[in-house]
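A closer look at the structure
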Amino acid sequence: MRRPPGNGEAASEGIGGWGLWGRQEARRLGCAGHDHCRQALLQIGINMMALPGGCHLDSIPLPGQRLHLMQVDSVQRWMEDLKLMTECECMCVLQAKPISLEEDAQSDLILAGGPGPGDPLQLLLKRGWVISTELRRIGQKLAQDRWARVHSMSVRLTCHARSMVSEYSAVSRSSSQEMGQIEKLLMEKCSELSAVTERCLQVENEHVLKSMKACVSETLSTLGQHFGQLLELALTREVQALVRKINASDNIYTTESTTGNLFSLTQEGAPLCRIIAKEGGVVALFKVCRQDSFRCLYPQALRTLASICCVEEGVHQLEKVDGVLCLADILTDDSHSEATRAEAAAVVAQVTSPHLPFTQHLGSFLESMEEIVTALVKLCQEASSGEVFLLASAALANITFFDTMACEMLLQLNAIRVLLEACSDKQRVDTPYTRDQIVTILANMSVLEQCASDIIQENGVQLIMGMLSEKPRSGTPAEVAACERVQQKAAVTLARLSRDPAVAREAVRLSCMSRLIELCRSPSERNSSDAVLVACLAALRRLAGVCPEGLQDSDFQQLVQPRLVDSFLLCSNMEESFV
């Protein structure tokens, strides 16, 4: 299940602006552990048991039939004993392999397979990941004054840098003068780092070592900067080549392949998304989305656009090419497939994300907002899967933060009925992530006085009551966090709606006060979330103001009567009894 875009998560950036590129990249680089080695050798043994021509061990001649095979008796005997020998061979290989407690050998294993021939992008990404890792580790060892490790890793870093430069030169186009200069500076700094760390091994005076440590640290920092500049230049050249290929191509298969490569690059983090945006990637992708001959590629192009727009440069480029108008045209055109409209909704969700401050200045969005909101409500109503509903509802949720007029539009479009009806459809609403989008919309719409009557009419109070009991299924951190957001926003919605006495009485009738008290007093019920606690205390006080008879004296004295901060401190310090 895809999660809604909009968080604008960027890759961590280390020395030179290029940090570790994520666990996904590490897995793709093929770092095989000892268990994988063992399985591979066992598989080799199993494969070797099958003789050429499909002959298996069961078909080997019996002893009485072997007279003509005496000349190859040793081979035959090896075949018979292969099962036992395979295990021994595995153990020999494993015992001979050095196992580093600090996992310093990981970088050597990563590139065992090597990038494919003529694939400069993969080469840059793999070598870039390894060199970034080495730079980080050298910094760690330097902080620990482990000079032997610093020197050996510096030598290895030099080898990796030299390999990246030579391999990229072999597969890339003609190198620019600027790249040649940075390559030279990078290798000079690598040699300088190796030389100075070697001298440090021969120094015993702590004061001298301390001054040399500052020199090593400065050299390491400069080296990281040169590496970042070189990597950015090389990646920029490759991105430029991809963008030119998309712009020049009228072949659907070439465009599909190139767009796929561009999307893969966006998954490497914010630095690459910025490069793609600056080099015209957004313009090229919208060009694809405006050609009827490429209709089948719209979903892929739109998904790539959603990834690029997690950075400010991507959103600015989208606005320059009237991207919002293009998205509105796709969303309102029923001739487009549901998948295409869902991906367009994903782009809308990204560019209206409240987590990205630069999207708040997207002036062109207001001109098409009514059309987009109408189309998104329709997409929610007709969604055939949970993913489509999630993307459409996420876009609507973000738009309610983007402009207050959106809430009034949603009220006129009967969006409350559409959303509450969807909650009973497990095919569309089946995860806390989706319910998070729904309750966000309800919370933002509940500031309107007219919203209360629609909520009561559609039995919305009962639904909100159920969201107060949201529990994670898998226990993953992301799902637990989503459940906390659902509980918090459900309590906020209830507090806002309880300004209407009719809603407050309905909430009391449905025992909402009992559930709120439980959430306040039991940290495990709210996963010890302070945000949920504050929201529940606020909702409980609002309900108590309308129906005080629903509270016991102890609850009133501890949760309602004191100042909010005092009740918060009381509940947050409560310890559960496990007796």
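Cut-offs and rules
- Residues numbered from 1 in each chain as written.
- Predicted model: local features only at pLDDT ≥ 70, side-chain atom pairs only at ≥ 80, totals over all residues.
- Heavy atoms only, no water.
- Helix = DSSP H or I, 4+ residues; strand = E, 2+ residues; numbered from the N terminus.
- Buried < 20%, exposed > 50% of the residue type's maximum accessible area, 1.4 Å probe, protein only.
- Contact = heavy atoms within 4.5 Å.
- Areas by Shrake-Rupley, 256 points an atom, 1.4 Å probe, with all protein chains shown as cover.
- Phe/Tyr/Trp six-rings, centres within 6.5 Å; stacked < 30°, edge-to-face > 60°.
- Core = buried A, V, L, I, M, F, W, Y, C linked by side-chain atoms within 4.5 Å.
- Salt bridge = Lys/Arg side-chain N within 4 Å of Asp/Glu carboxyl O.
- Axes fitted to C-alpha atoms, helices over the stretch in contact; angles between N-to-C directions.
- Parallel < 35°, antiparallel > 145°, perpendicular 65-115°, else oblique.
- Left-handed = near helix turned anticlockwise from the far one by under 90°.
- Nonpolar A, V, L, I, M, F, W, Y, C, P; charged D, E, K, R; others polar.
- Polar contact = N/O pair within 3.5 Å; in protein donor to acceptor, adjacent residues only side chain to side chain.

**Concerning the overall build of the protein**
When helices and strands are tallied, the protein shows 29 helices and zero strands. Expressed as a percentage of the 579 residues in the protein, the buried residues total 47%. Pairs at least 24 residues apart make up 75% of the contacts formed inside the protein by residues separated by at least 6 positions. Carbon and sulfur atoms provide 52% of the accessible area of the protein, an area that totals close to 28,000 Å².

**Observations regarding the packing of aromatic side chains**
Each aromatic ring pair is specified by the distance between its two centres and by the angle formed by the two planes. Under the definition given, this model contains one aromatic pair. Summarising the aromatic geometry, the rings of F365 and F402 are spaced 5.1 Å apart at their centres and angled 75° between planes, so their arrangement reads as edge-to-face. On the criterion of sequence distance, the pair formed by F365 in helix α17 (residues 363-382) and F402 in helix α18 (residues 386-402) is long-range, its members being 37 residues apart.

**Details of the nonpolar core**
Ranked by internal contacts, the top residues of the largest apolar core, which has 156 residues, are L302, L318, V348, F365, I372, L376 and I399. The greatest single-element share of this core, amounting to 14 residues, is contributed by helix α9 (residues 206-248). Residues in contact with L318, not counting those within four places in the same chain, are V282, F286, C309, G323, V324, L327, V347 and V351.

**A look at unusual backbone geometry**
The phi dihedral of D145 is positive, around 60°, even though this residue is not glycine. Relative to the assigned elements, D145 resides in the loop between α6 (120-143) and α7 (147-171). Accessibility expressed as a relative area gives 43% for D145, which makes it partly exposed.

**Side note on the pattern of salt bridges**
Applying the stated criterion across every chain yields a total of 21 salt bridges. E167 serves as the salt-bridge partner of R127, at 3.0 Å between the closest nitrogen and oxygen. Of the two residues, R127 is situated in helix α6 and E167 in helix α7; the sequence distance between them amounts to 40 residues. Residue R127 is classed as buried on the basis of its relative accessible area of 11%. When its relative accessible area of 27% is taken as the criterion, E167 is described as partly exposed. Among the salt bridges present, the one from E421 reaches R417, with a minimum N-O distance of 3.6 Å. Taken together, the residues E421 and R417, both in helix α20 (residues 415-422) and four residues apart, mark about one turn of the helix. Exposure remark for E421: the relative accessible area of 40% places this residue in the partly exposed category.

**Some details on the side chain of S307**
With respect to the helices and strands, S307 occurs in helix α13 (residues 298-308). The buried category is assigned to S307, whose relative accessible area is 17%. Sequence-distant contacts of S307, that is, excluding residues within four places in its chain, are made with F263, T266, Q267 and C273.

**Describing the packing of helix α24 (residues 477-497) against helix α27 (residues 530-546)**
Interaxial distance between α24 and α27 falls to 8 Å at its minimum, and their mutual angle equals 20°. Taken together, α24 and α27 sit at an angle that is classed as roughly parallel. Considering only the axes of α24 and α27, their crossing is left-handed. For the pair formed by α24 and α27, the contact residues are E484, Q487, Q488, A491, V492, L494, A495 and R496 on the first element and A531, V532, A535, C536, A538, A539, R542 and L543 on the second. Its residues assigned to classes, the contact of α24 with α27 comprises eleven nonpolar, two polar and three charged.

**Here we look at the packing of helix α11 (residues 270-278) against helix α14 (residues 312-320)**
Contact geometry for α11 and α14: axes closest at 8 Å, N-to-C directions at 25°. Here α11 lies roughly parallel to α14, going by the angle between them. As α11 runs across α14, the sense of the crossing is left-handed. Together, R274, A277 and K278 of α11 and E313, G314 and Q317 of α14 make up the contact between the two elements. Grouping the constituent residues of the contact of α11 with α14 by class yields one nonpolar, two polar and three charged.

**So, the side chain of T197**
Structurally, the position occupied by T197 is in helix α8 (residues 177-201). Owing to a relative accessible area of 0%, T197 belongs among the buried residues under this scheme. Here the side chain of T197 touches H151 through a polar contact of 3.0 Å, side chain to side chain. A distance of 2.8 Å separates a polar atom in the side chain of T197 from the backbone oxygen of L193.

Everything listed is a geometric property; what it means functionally is a separate question.
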